[in-house]
Amino acid sequence: MSNKPKVAVIGGGVVGITVAKVLQDQLKNVDVTVFADKFEQDTTSFIAAGIFRPGTSFKGPTAEITKKWIDDSWYFWQDLLKTPEALEMGIMEVSGYIFSQENYHVTRNHLIEDLVPTYRPVTQEELKLGPNGSKYGSFFTTLKVECGHFLPFTEKIIVERGGKLINKKIESFASLSDFDLVFNCAGLGAKYLCNDHDLVPIRGQVLKVKAPWVKTAFYGDYDTYIIPGLNGIVTLGGTRQYDSYNLNYCKYDGAAILERCCEILPDLKNSEVVANKVGLRPHRIPVRVEAELINGVKVVHCYGHGGYGVMTAPGTAIDAVQKGIQLLRSSTKTKL
Ligand SMILES: Cc1cc2nc3c(=O)[nH]c(=O)nc-3n(C[C@H](O)[C@H](O)[C@H](O)COP(=O)(O)OP(=O)(O)OC[C@H]3O[C@@H](n4cnc5c(N)ncnc54)[C@H](O)[C@@H]3O)c2cc1C
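Position labels on residues start from 1 in each chain and follow its written sequence. Local features in this predicted model are restricted to residues whose pLDDT is 70 or higher, and side-chain atom pairs enter the listing and the counts only when it is 80 or higher, whereas totals over whole chains, interfaces and linings include all residues. Remark: hydrogens and water are excluded; side-chain values derive from all non-hydrogen atoms of the structure.

Heads up, the rule is: UniProt positions are given in the numbering used here, feature names are shortened, and annotations may be inferred rather than shown by experiment.
The name given to the protein in an unreviewed UniProt entry is FAD dependent oxidoreductase domain-containing protein, with the source organism recorded as Chrysodeixis includens. As stated in UniProt under Sequence similarities (unreviewed entry), the record for the protein gives "Belongs to the DAMOX/DASOX family." Quoted verbatim from the Cofactor (unreviewed entry) field of UniProt, the annotation for the protein is "FAD".

See below:
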């Protein structure tokens, strides 16, 4: 009989898959099973452009923990960016402009200004690249992670190391009482698993267009963004509709997004739309990375990353895995 600790991860989005991978990185002697009712293209993670640019409202339980999650995430992605497989994993460098006609503060970002290689005010010449009437602007360099590549790549590693991926909806933590430890990375699904009323969807709609000539990201007011990606596919956004559960494509939102993006790059109007996508961001303040004993089952929660779960998955995963290993050490006789 195996004496490896049995660990379940609920969630096949970027958070669950990253937690499973980080756990295997840190514990060789562990049996990991990822349960999810949706994998890869059916997850919210798959829709995200995946840019490393947190909103300034992104929050952990303290300012120090928030910053640590962001810094740890940045260095995790930087390490992968330096590997020969970076593009295969969907990780690439990107630079971009943020413009505003109205508010200087939206062009600043205290969470990453000291972290990314460049974050500076735009010149008067560069200000002309923004929508008409832009008064403020910043230029920055960062990276992005496309989950369409990162999820399958990482799932393969998890399975090669002996992990399992099981397509199944988990109805309660009690149903996983056979496991020594459970990570709850269910995204918005945690609302129902934990009866958590603080977890709220923020609806996001984007267009994916073919525009290989776009090499730089642009942000404008009213949640307008243009983010270039792999294979010439550019993400145009967006919407941020609080407490909306509507997963249907809205043609009015689509038209408004295109019009706002064309104010920045008029040639986008001729680009081919390859997909219209809608996703519900799992928003919670603070993001929940916390251990809890639920009906005798040891659970570490890791959910509620809102609009920033791709970029912050590693930092929160490192924290969650550390909490999980402490729980395992306190309860198993097996040497970990
Ligand atoms: C339009 C849009 C643009 C975005 N852009 C960015 C961006 O540029 N950068 C960034 O960092 N983030 C971005 N995000 C946010 C990002 O997509 C999310 O924060 C992230 O995907 C959350 O990951 P997750 O793994 O928690 O959730 P999900 O990807 O939703 O995964 C949740 C998983 O849990 C599973 N699950 C849920 N309940 C159960 C259950 N009971 N039993 C079994 N399985 C269950 C689901 O099947 C799924 O596999 C964007 C989001 C949207 C919608």
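That covers the picture; the talk isn't over yet.
Details of the packing of helix α1 (residues 14-26) against helix α8 (residues 309-331)
Let me state the cut-off plainly: Axis angles are defined between N-to-C directions and span 0 to 180 degrees, where every axis is a line fitted to C-alpha atoms and, for a helix, only to the segment in contact. Runs of E in the DSSP output that reach at least two residues are strands. Runs of H or I that reach at least four are helices, and both are numbered from the N terminus. Roughly parallel means an angle under 35 degrees; roughly antiparallel means over 145; roughly perpendicular covers 65 to 115; every other angle is labelled oblique. Put simply, a crossing is left-handed when the front helix is turned counterclockwise from the back one by less than a right angle, and right-handed when it is turned clockwise. Whether two residues touch is decided by their heavy atoms; if any such pair falls within 4.5 Å, the residues are in contact. Ten residues, namely Ala, Val, Leu, Ile, Met, Phe, Trp, Tyr, Cys and Pro, are considered nonpolar, four, namely Asp, Glu, Lys and Arg, are considered charged, and the remaining ones, Gly among them, are considered polar.
For the pair α1 and α8, the least separation of the axes is 8 Å and the interaxial angle reads 45°. Here α1 lies oblique to α8, going by the angle between them. Pair α1 / α8 crosses with right-handed handedness. Residues Val14, Val15, Thr18, Val19, Val22, Leu23 and Gln26 of α1 touch α8, and the partners they reach there are Gly309, Val310, Ala313, Pro314, Ala317, Ile318, Val321 and Ile325. A breakdown of the residues in the contact of α1 with α8 according to their chemical character gives 12 nonpolar, three polar and no charged.

A closer look at the site of the ligand
The condition is simple: A molecule or strand has a residue near it when one of that residue's heavy atoms lies within 4 Å. Two N or O atoms count as a polar contact when they lie within 3.5 Å, although within protein this holds only if one can serve as hydrogen donor and the other as acceptor, and sequence-adjacent residues are included solely when both atoms are side-chain atoms. All accessibility values rest on the Shrake-Rupley procedure with a 1.4 Å probe; residue burial counts only the protein chains present in the view.
Residues in contact with the ligand amount to 37 residues; listed here are only the nearest, Asp37, Lys38, Ser45, Ile170 and Gly306. Interatomic distance of 3.1 Å between a backbone N/O atom of Val15 and an oxygen atom of the ligand. The fraction of the free accessible surface of the ligand (1,000 Å²) that becomes covered by protein chains is 94%. Of all the secondary-structure elements, those providing two or more residues to the shell around the ligand are α1, β2 (31-36), α2 (44-47), β8 (200-210), β13 (272-294) and α8. Here the shell around the ligand is built from residues that sort into 18 nonpolar, 14 polar and five charged.

As for α8
As a reminder of what qualifies: Multiply 1.5 Å by the residue count of a helix minus one, and that product is the helix's expected span. Working definition for bend: take the seven residues up to and ending at a residue and the seven starting at it, fit an axis to each, and measure the angle between the axes.
An ideal rise of 1.5 Å per residue puts 33 Å on 23 residues; α8 measures up with 30 Å between its terminal C-alpha atoms. At Gly315, α8 shows its strongest bend, of approximately 30°.

Some remarks on the UniProt feature "binding site: D-dopa" (unreviewed entry) in the protein
What UniProt calls "binding site: D-dopa" (unreviewed entry) maps, in this numbering, to Tyr225, Arg281 and Gly307. Structurally, the position occupied by Tyr225 is in strand β10 (residues 224-228). If we skip the residues at most four places from it in the chain, Tyr225 touches Val206, Phe218, Tyr219, Thr235, Leu236, Gly237, Gly238, Cys261 and Arg281. Tracing the chain through its elements places Arg281 in strand β13.

Here we look at the packing of helix α3 (residues 63-81) against α8
It is at 7 Å that the axes of α3 and α8 come closest, and there the two elements cross at 110°. As far as their axial angle goes, α8 and α3 are roughly perpendicular. Between α3, through Ile65, Trp69, Ile70, Asp72, Ser73, Phe76 and Trp77, and α8, the contact on the second element is made entirely by Val310, Met311, Thr312, Ala313, Pro314, Gly315, Thr316, Ile318 and Asp319. Here the residues of the contact of α3 with α8 are counted per class, giving 10 nonpolar, four polar and two charged.

As for the nonpolar core
Let me state the cut-off plainly: Among the buried residues, those of types Ala, Val, Leu, Ile, Met, Phe, Trp, Tyr and Cys that are joined through side-chain atoms within 4.5 Å form a nonpolar core. Note on classification: 1.4 Å probe, protein chains only; a residue is buried when its accessible area is under 20% of the maximum for its type, exposed when over 50%, partly exposed between these limits.
In this structure, Leu23, Phe52, Trp77 and Phe183 are the most contacted members of the largest nonpolar core, which totals 65 residues. Sort the elements by how many residues they give to this core and α8 lands first, with eight residues. Judged by nonpolar contacts, the second largest core, of 19 residues, contains Phe139, Val209, Val234 and Cys262.

A closer look at the side chain of Thr316
Note that Thr316 resides in helix α8. Of note is the side chain of Thr316, whose polar atom sits 2.9 Å from the side chain of His305.

Some details on the UniProt feature "binding site: FAD" (unreviewed entry) in the protein
Those places that UniProt annotates as "binding site: FAD" (unreviewed entry) correspond, in this numbering, to Thr44 and Ser45. You can see Thr44 is positioned in helix α2. Overall, the relative accessible area of 36% leaves Thr44 in the partly exposed class. Aside from chain neighbours lying at most four places away, what touches Thr44 is Gly279 and Leu280. Here Ser45 lies in helix α2. Classification of Ser45 as buried rests on a relative accessible area of 12%. A distance of 2.9 Å separates a polar atom in the side chain of Ser45 from the backbone nitrogen of Val14.

Quick word on α3
In this model, α3 (19 residues) spans 27 Å end to end at C-alpha, consistent with the 27 Å of a helix rising 1.5 Å per residue. Taken residue by residue, α3 has Thr66, Lys67, Trp69, Ile70, Ser73, Trp74, Phe76, Trp77, Gln78, Leu80 and Leu81 as its buried positions. Its buried side turned inward, α3 meets α1, β3 (91-100), β5 (136-145), α5 (147-160), β13 and α8.

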